[in-house]
Amino acid sequence: MTAPGTAPAAEVAEGVWADVAGQEAAVAQFRRAAAPGGSLAQAWLITGPPGSGRSTAARAFAATLQCEQGTGCGQCRACRTTLAGTHPDVTVVATDKLSIAKEEVRALVMTAQRAPATGARRVLIIEDADRMSAGTFNVLLKSIEEPPPATVWMLCAPSAEDLAPTIRSRCRTVSLSVPSAEVVAELLRRRDGVDPDLAVRASRAAQGHIGLALRYATQEGALAAREESARSLLALRGTGEAVLAAQAMVDRATAEAKEHADVVAAEEKERFLRSAGIEDGKVPPSLRSQVRQLEEDAKRRQTRLVRDVLDRYLLDVHSVLRDVLSRQLGTGSQLVNVEVAEEIDRAAAQGSGTLTLGLLEAVGQARERIGGNVPPLLAIEALLARVAVTLR
């Protein structure tokens, strides 16, 4: 018998697919393609909203293609090294900067021309393929059109529309959905050993985003900070408070992004110095340009991370306003932000569904503006000022 809040046992895949949560239809499609006699395309586009597990699915598919048993058993050396990122015939390009550089893709295209070293195929995975420019897509196009016989490309993006038409038309698309909170909670319990009650709270707050749910469940104070932000949002009264709240939100996002970016930058610099045989930290003139490039990369990484963190905050704002709208319309659906139900009910009683719907649209506009290089503070100020006036 399945415990309350636990995904049915049939939904939990085996082997390399065990961590691909709530994507039964997609997993079945991948398995059919990888099976003997299956129709295996040489270019795949894996789409799905953030947190749905695009990269996890791509790695599991790659492991299945390399599996010594041909099933994605998860136990053989090929499966284990693919999932660990050390298989010689599986190359992954991922970025936390603003875009994927042409040079990275050119190197990947050259790798695609080489025959597999140990496995049956050479697999190339591009995570966040939507971060490629039009020029970078052109670098990739020829290899996607005419890949070597043993090469398989896997591109991951939020939607097919995020890629150039010339690229997506040459790929077989597999779409992932947002996994339910119950499925994500079960994954956290089974894979990460998270306390069941905490797993449910974290998964509900993350709204199907697996990585974010894990963060809420394992980072001390993360859930409490989210709940306090929800209360602060619903308590805004007046433009002055909104301006201060916007500055605090941007400052918090910048600090969070800088902390992560600094760690990555320090690790990259340490690796570079070690590979160059520099032990005293004194960089010779001939290598200073490379160090400067690392520093520029770190700045671009932080810029991207600030946007990503702010987008996460805005999704939290959206969830609170959606809860308010749900109460106003009397849908009876479960709240995402159960811990602030009293404040949500109060806000719902003070406004109307029409006004709240307008606020939800404003959240979407703020996300688009920040993604389109509008200064984040201006976009957040405009949004929170409208929230404060509407909920007054």
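Keep in mind that what you see is a predicted model, and the values were worked out from it rather than measured.

Enquirer: Any chance you could explain the overall build of the protein here in plain terms?
Expert: Regarding its fold elements, the protein presents 15 helices and five strands. In terms of overall size, the protein behaves like a compact globule, its C-alpha atoms giving a radius of gyration of 23 Å where 392 residues would be expected to give roughly 21 Å. For the protein, the residues scored as buried account for 45% of the 392 residues in total. Once local pairs closer than 6 in sequence are excluded, the contacts in the protein between residues at least 24 apart make up 72%. About 19000 Å² of surface is accessible on the protein, with carbon and sulfur atoms providing 52% of the total. Between the mean site of the 47 positive side-chain charges and the mean site of the 48 negative ones, the protein shows a separation of 5 Å.

Enquirer: Looking at this structure, how should I read the domain arrangement of the protein?
Expert: When the parts of a complex come together, some accessible area is lost, and that lost area is often used as the size of the interface. Annotation of the protein at the domain level lists domain 1 (17-175), domain 2 (181-219) and domain 3 (239-391). Taking the mean C-alpha position of each, domain 1 and domain 2 sit 26 Å from one another. Contacts between the two partners involve seven residues from domain 1, matched on the other side by seven residues from domain 2. Note on domain 1 versus domain 2: buried area summed over both sides is about 550 Å², and carbon and sulfur give 59% of it. Three residues, D19, A21 and G51, lead the burial of domain 1 against domain 2; their summed loss comes to 67% of the area buried on that side.

Enquirer: What should I look at first to understand the side chain of S143 in this one?
Expert: Looking at the secondary structure, you find S143 in helix α5 (residues 134-145). Sequence-distant contacts of S143, that is, excluding residues within four places in its chain, are made with V109, A112, Q113 and W153.

Enquirer: Can you help me understand the pattern of salt bridges in this one?
Expert: Note that side chains of opposite charge can pair when their charged atoms are close. Evaluated as defined, the whole model comprises 21 salt bridges. Two residues, R59 and E127, come together in a salt bridge whose shortest N-O distance is 3.0 Å. Taken together, the positions of R59 in helix α2 (residues 54-66) and E127 in the loop between β3 (122-126) and α5 put the pair 68 residues apart, joining distant regions of the chain. What emerges from the salt-bridge pattern is a single network uniting R201, R204, E227 and E339.

Enquirer: Sorry if this is basic, but what is going on with unusual backbone geometry here?
Expert: Note: most residues except glycine have negative phi, and most peptide bonds are trans. One non-glycine residue with positive phi stands out, namely Q207, at about 55°. Along the chain, Q207 falls in the loop between α8 (196-206) and α9 (210-218). Overall, the relative accessible area of 28% leaves Q207 in the partly exposed class. A positive phi angle, near 75°, is found at N373, a position not held by glycine. Note that N373 resides in the loop between α14 (353-371) and α15 (376-390).

Enquirer: Even after reading the chapter, I still don't get the packing of helix α7 (residues 181-192) against α8, so can you show me in this structure?
Expert: When two helices pack together, their arrangement is captured by the angle between the axes and the distance separating the axes. Relative orientation of the contacting elements α7 and α8 amounts to 135°, with a least axis distance of 8 Å. Taken as axis vectors, α7 and α8 run oblique relative to one another. When you trace α7 past α8, the crossing you get is right-handed. For the pair α7 and α8, the contacting residues are A181, V184, A185, L188 and R189 in the first and P196, A199, V200, A202, S203 and R204 in the second. Per-class residue counts for the contact of α7 with α8 are eight nonpolar, one polar and two charged.

Rules used throughout
- Residues numbered from 1 in each chain as written.
- Predicted model: local features only at pLDDT ≥ 70, side-chain atom pairs only at ≥ 80, totals over all residues.
- Heavy atoms only, no water.
- Helix = DSSP H or I, 4+ residues; strand = E, 2+ residues; numbered from the N terminus.
- Rg over C-alpha atoms; globule rule 2.2 N^0.38 Å.
- Buried < 20%, exposed > 50% of the residue type's maximum accessible area, 1.4 Å probe, protein only.
- Contact = heavy atoms within 4.5 Å.
- Areas by Shrake-Rupley, 256 points an atom, 1.4 Å probe, with all protein chains shown as cover.
- Lys, Arg positive; Asp, Glu negative; His and termini not counted.
- Charge placed at Lys NZ, Arg CZ, Asp CG, Glu CD.
- Domains from an automatic or database assignment.
- Buried area = accessible area lost by both parts, 1.4 Å probe.
- Salt bridge = Lys/Arg side-chain N within 4 Å of Asp/Glu carboxyl O.
- Axes fitted to C-alpha atoms, helices over the stretch in contact; angles between N-to-C directions.
- Parallel < 35°, antiparallel > 145°, perpendicular 65-115°, else oblique.
- Left-handed = near helix turned anticlockwise from the far one by under 90°.
- Nonpolar A, V, L, I, M, F, W, Y, C, P; charged D, E, K, R; others polar.

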